[in-house]
2 protein chains.
Amino acid sequence: MSNLRQLLPRRAVRPRDPRSVSVVDRHHADFDQPLTMRSGDVLERFRIGYETYGKLNADASNAILICHALSGDSHVAGYYTDDPAEKPGWWDEAVGPGKMFDTERYFVVCSNVLGGCRGSTGPASIAPDGKPYGLRFPLVTIADMVAAQARLADYLGIERWFAVAGGSMGGMQALQWAVDLPERVANVLFIASTPRSSTQNIAFNEIGRQAIYADPHWRNGDYYGQAVKPDAGLAVARMIGHITYMSEHSLEEKFGRNLQDHTEVKYTFDTEFAVESYLQYQGFKFTERFDANSYLYITKALDYYDVAQGYGTIYDALRGVLANFLVISFSSDWLYTDKQSRQLVEPLRRLKKEVEYHRVDATFGHDSFLVEVDKMAAIISRYLDKMWERRQRVGA
Amino acid sequence: MSNLRQLLPRRAVRPRDPRSVSVVDRHHADFDQPLTMRSGDVLERFRIGYETYGKLNADASNAILICHALSGDSHVAGYYTDDPAEKPGWWDEAVGPGKMFDTERYFVVCSNVLGGCRGSTGPASIAPDGKPYGLRFPLVTIADMVAAQARLADYLGIERWFAVAGGSMGGMQALQWAVDLPERVANVLFIASTPRSSTQNIAFNEIGRQAIYADPHWRNGDYYGQAVKPDAGLAVARMIGHITYMSEHSLEEKFGRNLQDHTEVKYTFDTEFAVESYLQYQGFKFTERFDANSYLYITKALDYYDVAQGYGTIYDALRGVLANFLVISFSSDWLYTDKQSRQLVEPLRRLKKEVEYHRVDATFGHDSFLVEVDKMAAIISRYLDKMWERRQRVGA
């Protein structure tokens, strides 16, 4: 009935992109100065997992921070091994020699978010008492993720990012850098994101959390070391998320009402339609690489995100911003809509900040920033070139 | 953490509508001629639960069948008791003396669908072997629901419906009446519906089913008589459904980012935002009146729905239709979109069928057909009046 543990992917082995950053290493940095979170809780020490691509120049002026989305991690580009079946990092098309984040010019950094489960400290990490945090881990906000990234920037010797860039939740982090640490970021690339989670955004996140809470193996977050993890709940949460990343059109184009591996309707609860199998597979695969508690924490961070929080209005929040902005939305994105992008663009313009805004025609919904990279490559390359030249000229 | 079993509703007791049909009775009819389902399975006997409002006239020419949606039932209008706290039927505003389905003129019937759990035979019913069917119940399609309703029409002495009307899944049934039994329906009222479940429609239904499958208390559908039912999974399924019934706008208007019963963000996993509490409540309430297996069966019926199924194209399916059509879509409905309504309107027009089509501006999304009744009342009243007059004139 439940076909979660279905077939493995039938992916052809594609030759590696000659412009790949090729084999990269995982890094981490440990910080033992306490971090006071927005909640008021204090994290005594934490680790940040990260990767870098390209070389930092002598005056550390060529550094770009890429911030990842809900289910992303620090592995943006390249491969860990020579295994020809290995998939590259999640934005491999975007980061590499000659690509839009050109590693021949820029030193690109990406770190796993605080609260995550891919190298940085989060609810699955061991607390000072020797046991996993579970729900004892403090609630994390986008601002806390940025504060942790700032420690990493200090550690790497980067006083000011040439750019902070991100799609989806990554865009929220990029924006928050400009708000919280205006001197430390020259350019913000805010892609398929929102300055404020909408009611519907919160609603979808809450349903995902409810799916995890409903799994008896979740055990109030205390499942580490148990034989069975709350994978069933996490898989459902992922499916709920996944449907918001695709457009109605792209689902229709990709699957239509095609049946799964059979030609006649079977009239059973076995998987009937191809789209069902696809969702099941997405849900199941996710449980192999993600921690359910981290999913809870990160969706809460998304919910809390309203750049105006703590300031009053968005104008108050943006007034002190020094960065220039590139804002990109995608026409078919119904998770973080073009309208939500404009909720950032309009106040920035009224405040006379420099902002370049593009609504890109794309059919893949929210996922467009991951799967229609070519559509934004020209925009981003041109923008970064322009800002790079300006920096050379005025030494800004 | 999981706040499903929260507060009871704080609903003011409203005085009853003086135009209510007032207290009504539940009825049922038992059928012992086998019903061959679209799957090829045969149901030896079945019961249909139904209600009626108004009086059937001498030549049985004033009968209207209302078909309910996924979570609906046969209790369209009125009350069962004199308890002032009792809520009326689900379309009480639409059915009653002087209302759009005017019970002073029409005899209005509504039956619970086959496969349901509100008076008609479904997976929770006792099979001939004395045990509940569970998943042994045959898969149900919209056409099977209609075939069962046709038995009820025979039983009630209704050869031909003056109209068959329905919103959402009810619209599918109304359409299927015109396709399968063209001589037996004069007018179809197809409201907030679709002639074909889209890929996204199927995707949302499948995620709801996965939430139920993931609940260990579901026990492959064999949970009847158990102390714990798969309510946790069913509640999540309902929440997923519910979000598709509301528009982004109506969620924003109703809840925004309002906090639930507190003024400062708490930074805990307790319910933070009002919209979360609302969804939890909707999910929990649903488990009090609905059977998880019925939810599985009915969502499968929705998935299978493509009026062209078995015919080739939608043109082939509609060619033999004799009914006139009133088609109403709602501008903010993103579950069954205006575009999907037009997928029915266009072929009907090309086939020279009589069709009146309205796209109603409404903000409540798919739920508009339930909560913005006043917006369609004039359209439906006028349409029914026109058709009623024509019938009187030509005796059609």
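For every chain, the first residue of its written sequence is number 1, and the numbers climb from 1 along that sequence. Key to labels: chains lettered from A, ligands numbered from 1, both in the order written. Predicted model: local features are reported for residues with pLDDT of at least 70 only, side-chain atom pairs are reported and counted for 80 or more only, and whole-chain, interface and lining totals are derived from all residues.

Enquirer: Pulling in residues and values, what's your account of the sheet that holds strand 5 (residues 63-67) of chain A?
Expert: Residues and elements named next belong to chain A. Strand order in the open sheet made by the eight strands is 1-4-8-5-9-10-11-12, with mixed pairing throughout. Of all the strands in the sheet, the pair left with one neighbour each is strand 1 (27-31) and strand 12 (355-360). Between one strand axis and the next, the sheet turns through 20 degrees on average, direction left out of account. Where strand 5 lies against strand 8 (residues 107-111), four bridges are found, and the strand directions are parallel. Residue pairing across strands places I66 opposite C110, the latter belonging to strand 8. Once C-beta atoms have been placed from the backbone, residue pairs whose C-beta atoms lie within 7 Å are recorded as contacts. Note on method: axes are straight lines fitted to C-alpha atoms, helices fitted across the in-contact stretch only, with angles between N-to-C directions ranging 0 to 180 degrees. Numbered from the N terminus, helices here are DSSP runs of H or I no shorter than four residues, and strands are runs of E no shorter than two. Helix 9 (residues 338-350) rests against strand 10 (187-191), strand 11 (324-330) and strand 12 of the sheet, and its axis sits at about 160 degrees to strand 11. When DSSP finds at least two bridges between two strands, those strands are taken to pair.

Enquirer: Go over unusual backbone geometry, please, and point to the residues and values.
Expert: Residue and element names in this part refer to chain B. Positive phi values are uncommon outside glycine, yet S168 reaches one of about 60 degrees. If you trace the backbone, S168 turns up in the loop between strand 9 (163-167) and helix 2 (169-180). Exposure remark for S168: the 26 C-beta atoms within 10 Å place this residue in the buried category. A positive phi angle, close to 60 degrees, is found at D261, a residue other than glycine. Think of it as a crowd count around each C-beta: if 20 or more other C-beta atoms lie within 10 Å the residue is buried, if 12 or fewer it is exposed, and in between it is partly exposed, with C-beta placed from the backbone throughout.

Enquirer: Please provide a residue-by-residue account of the relation of the copies chain B and chain A, values included.
Expert: The atoms used to superpose the copies are C-alpha atoms, taken from residues with pLDDT of at least 70 in both, and the fit is least squares. Superposing chain B onto chain A takes a rotation of 180 degrees plus a shift of 0.0 Å along the axis, which leaves an RMSD of 0.0 Å. Expressed as a symmetry operation, the mapping of one chain copy onto the other fits a two-fold axis. Of all interface residues in chain B, 100% are interface residues in chain A too; the two copies therefore contact each other through one and the same surface.

Enquirer: If you had to explain the packing of helix 3 (residues 199-213) of chain A against helix 4 (residues 231-245) of chain B to someone new, which residues and values would you point to?
Expert: Between helix 3 of chain A and helix 4 of chain B, the least distance of the axes is 9 Å, while the angle of their chain directions is 170 degrees. When the axis of helix 3 of chain A is compared with that of helix 4 of chain B, the two are roughly antiparallel. Read as a crossing pair, helix 3 of chain A and helix 4 of chain B show a hand that is left-handed. Each of A203(A), F204(A), I207(A), Q210(A) and A211(A) in helix 3 of chain A lies in contact with helix 4 of chain B, whose residues at this interface are V236(B), M239(B), I240(B) and I243(B). Gly counts as polar in this scheme, as do all residues outside two lists: the nonpolar Ala, Val, Leu, Ile, Met, Phe, Trp, Tyr, Cys and Pro, and the charged Asp, Glu, Lys and Arg. Along the lines of polarity and charge, the residues of the contact of helix 3 of chain A with helix 4 of chain B split into eight nonpolar, one polar and no charged. With respect to orientation, any angle under 35 degrees is reported as roughly parallel, any angle over 145 as roughly antiparallel, any angle of 65 to 115 as roughly perpendicular, and every other angle as oblique. Note on convention: near helix rotated counterclockwise from far helix by under a right angle means a left-handed crossing. Clockwise means right-handed.

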